[in-house]
Amino acid sequence: MYEHQYPVRHGGQSSHAGHNWRSAPAQSRGPKPALARGLIAGCVLLASCSSIPTQARHDLIGTDRSALIACAGVPDNRELLSDGEVLEWRQDAQVQGPLTIKTPLSFELDVGGHGTCHLVARLRQGRVTQIEYTGPSATLSGPYAACRPLVLACEKWISHK
């Protein structure tokens, strides 16, 4: 009969006696699990910075005016409209991205970028009907990362309702 150069599995058994497929060295099974978990955790953390404002854009719809002010704070601007009002919160202080490289000679390289954010809420009959973000809010953490401080308390409040 023909003998294979490489082991062939038949019904869960190897054609080479004594060879255990499950005990292959870690190097042959791909990247180290700790490194993979670290990379995944880093990506999740970076994504969470921009996902909170995105989630708040949907979660805050229907929230009444007093609850919105209780979680987001007193708005910086208010405009009355014929069919409701618009409230605006401003994050004008530059929110720094998560990656800054500093050298001994006072050289600093900010790879993460800076961003500001304005949270604009449209209300009709005392309830939120629309949430928008304006301003250069993109950092390395995502497109709305600079908006995170404006809505974090509201998201925590919503998750504990």
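Structure first, text after, so check above.
Residues numbered from 1 in each chain as written. Predicted model: local features only at pLDDT ≥ 70, side-chain atom pairs only at ≥ 80, totals over all residues. Heavy atoms only, no water.

Draft legend 1. Highlighting the nonpolar core. Ranked by size, the top nonpolar core spans 21 residues in total, and within it Leu60, Leu68, Trp89, Leu119, Ile131, Tyr133 and Val151 carry the most contacts. Secondary-structure elements contributing two or more residues to this core are α1 (33-59), α2 (65-72), β4 (84-96), β7 (114-124), β8 (127-134) and α3 (148-159). The residues contacting valine 151, other than those within four sequence positions of it, are Ile52, Pro53, Ala56, Leu119 and Tyr133. (Core = buried A, V, L, I, M, F, W, Y, C linked by side-chain atoms within 4.5 Å. Buried < 20%, exposed > 50% of the residue type's maximum accessible area, 1.4 Å probe, protein only. Helix = DSSP H or I, 4+ residues; strand = E, 2+ residues; numbered from the N terminus. Contact = heavy atoms within 4.5 Å.)

Draft legend 2. Representation of the side chain of threonine 63 in the model. Looking at the secondary structure, you find threonine 63 in the loop between α1 and α2. For threonine 63, a relative accessible area of 7% puts it in the buried group. In terms of polar contacts, threonine 63 uses its side chain to reach the backbone carbonyl oxygen of leucine 60, at 2.9 Å. Those residues in contact with threonine 63, other than ones at most four positions away along the chain, are Leu68, Gly126, Arg127, Val128 and Trp157. (Polar contact = N/O pair within 3.5 Å; in protein donor to acceptor, adjacent residues only side chain to side chain.)

Draft legend 3. The arrangement of the environment of histidine 160 in detail. One can find histidine 160 in the segment after α3. For histidine 160, a relative accessible area of 67% translates into the label exposed. One polar contact links the side chain of histidine 160 to the main-chain carbonyl oxygen of lysine 156, over a distance of 2.7 Å.

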